[in-house]
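So you can see what is in the structure, the chains are spelled out below.
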Amino acid sequence: MKITELTSRQQAIAPISAFTAQGDLSKLKAVLELGLDAGLTINDIKEILVQLYAYLGFPRALNGLGTFMALVNERKEQGIEDIVGVEAGPLPADKSRLELGTAVQTYLIGVPVKGPVLDFAPAIDAYLKDHLFGDIFGRDNLGYKDREIATLGALAGLEGVEPQLMSHFNISLNIGLTETQLKEVIAALESSVSPDVAQRATSALDKVLATRK
């Protein structure tokens, strides 16, 4: 029997994100069902799809949520009672969203984030810190590792975003996902999505690992 470092539920996350990114709703429905059967709760998957709007836009995220809602209702009619899971708690009362998001972003990346693009367009820096890392990553009902696996799947499912994909492989390593676990994420993409998506992820991970040696 093959020994894996990712749990079954974690292995189910990246394909959900990839098909959401590609807008292939029939294949998304299939991997959503596999995800529920693998132990993802309804709220886990809702949280993943909500997070993906920040990377894929509202249309893809809303289509994904609509597909998932229909699946949950279909399974309920079949007598399948899926686990709802925990709701997100309130954001910390002692920090603004900007303060929380800045702290979360710094933790994930390992250093305070600066750069010419952020200086050129300060609004995007504020939105990243305040909204993506404050409002979304600051929610406590999905861990950072699961959130990064979701992000990797989405970015691998897209063409032309290799710098962002590499950045999130770096973040994943920073927060404790191992090289073996990341290769298992890629294996899940290869078996459930496509060899092209897996190869895009493999190329990005190889470049990241070469810079970290």
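In this text, all values refer to a predicted model and were calculated from it rather than measured experimentally.

J.: Is there a simple way to explain the pattern of salt bridges in this structure?
T.: Two side chains bearing opposite charge may form a pair once their charged atoms approach each other closely. Under the criterion given, the structure shown has 14 salt bridges. In this structure, Arg 9 engages Asp 44 in a salt bridge whose closest nitrogen and oxygen atoms are separated by 3.2 Å. Of the two residues, Arg 9 is situated in helix 1 (residues 8–11) and Asp 44 in helix 4 (residues 42–56); the sequence distance between them amounts to 35 residues. For the pair formed by Arg 9 and Asp 44, the shared burial category is buried. In this structure, Arg 9 and Asp 146 form a salt bridge, with 2.8 Å as the shortest nitrogen-oxygen distance. Here the residue Arg 9 occupies a position in helix 1, and Asp 146 occupies one in helix 9 (residues 144–156), the gap between them amounting to 137 residues.

J.: Help me out: how do you make sense of the domain arrangement of the protein chain in this one?
T.: Many authors give the size of an interface as the accessible area that is lost as the parts come together. Taken domain by domain, the protein chain comprises domain 1 (8–89 + 139–212) and domain 2 (92–138). When each unit is reduced to the centre of its C-alpha atoms, the spacing between domain 1 and domain 2 is 22 Å. Between domain 1 and domain 2, the residue contacts involve 14 residues of the former and 12 residues of the latter. Here domain 1 packs against domain 2, burying approximately 1100 Å² in sum over the two surfaces, 64% of which is carbon and sulfur. Of all residues in domain 1, the largest losses of buried area upon contact with domain 2 belong to Arg 139, Tyr 144 and Ile 171, amounting jointly to 43% of the total for that side.

J.: Is there a simple way to think about the UniProt feature "domain: Carboxymuconolactone decarboxylase-like" (unreviewed entry) in the protein chain in this case?
T.: In the numbering used here, UniProt assigns the feature "domain: Carboxymuconolactone decarboxylase-like" (unreviewed entry) to residues 122–203. Measuring from the first to the last C-alpha atom of residues 122–203 gives 31 Å, for a span that is 78% helix and 0% strand.

J.: Where do I start with the packing of helix 3 (residues 25–38) against helix 5 (residues 58–77) in this structure?
T.: The packing of two helices is summarised by the inter-axis angle and the distance between the axes. As a packed pair, helix 3 and helix 5 sit with axes 10 Å apart at the nearest point and diverge in direction by 55°. In terms of axis orientation, helix 3 runs oblique to helix 5. Crossing of helix 3 over helix 5 shows right-handed handedness. For the pair formed by helix 3 and helix 5, the contact residues are Leu 25, Leu 28, Lys 29, Leu 32, Glu 33, Leu 36 and Asp 37 on the first element and Asn 63, Gly 64, Thr 67, Phe 68, Leu 71, Glu 74 and Arg 75 on the second. When the residues that make up the contact of helix 3 with helix 5 are grouped by side-chain class, the tally is six nonpolar, three polar and five charged.

J.: I would appreciate a short explanation of the environment of Glu 81 in the present structure.
T.: Mapped onto the elements, Glu 81 comes out in the loop between helix 5 and helix 6 (97–109). Considering only alpha carbons, one finds Glu 81 and Val 185, 104 residues apart in sequence, at a separation of 28 Å.

J.: So what exactly am I meant to see when it comes to helix 12 (residues 195–212) here?
T.: Each α-helix turn comprises 3.6 residues. Residues three or four places apart therefore point the same way. With 18 residues, helix 12 extends 25 Å from end C-alpha to end C-alpha; this agrees with the ideal 26 Å at 1.5 Å per step. Listed as buried for helix 12 are Val 197, Ala 198, Ala 201, Ala 204, Leu 205, Val 208 and Leu 209. When helix 12 is viewed along its axis, its buried side chains cluster within an angular range of 135° and face the same direction. Looking at helix 12, the residues exposed on the side facing more than 90 degrees away from the buried face are Pro 195, Asp 196, Ala 210 and Thr 211. Looking at the buried positions of helix 12, the neighbouring elements they touch are helix 2 (13–22), helix 9, helix 10 (162–174) and helix 11 (179–192).

Scoring rules and cut-offs
- Residues numbered from 1 in each chain as written.
- Predicted model: local features only at pLDDT ≥ 70, side-chain atom pairs only at ≥ 80, totals over all residues.
- Heavy atoms only, no water.
- Salt bridge = Lys/Arg side-chain N within 4 Å of Asp/Glu carboxyl O.
- Helix = DSSP H or I, 4+ residues; strand = E, 2+ residues; numbered from the N terminus.
- Buried < 20%, exposed > 50% of the residue type's maximum accessible area, 1.4 Å probe, protein only.
- Domains from an automatic or database assignment.
- Contact = heavy atoms within 4.5 Å.
- Buried area = accessible area lost by both parts, 1.4 Å probe.
- UniProt positions renumbered as here; feature names shortened; annotations may be inferred.
- Axes fitted to C-alpha atoms, helices over the stretch in contact; angles between N-to-C directions.
- Parallel < 35°, antiparallel > 145°, perpendicular 65-115°, else oblique.
- Left-handed = near helix turned anticlockwise from the far one by under 90°.
- Nonpolar A, V, L, I, M, F, W, Y, C, P; charged D, E, K, R; others polar.
- Expected span 1.5 Å × (residues − 1).
- Arc of directions from axis to C-beta.

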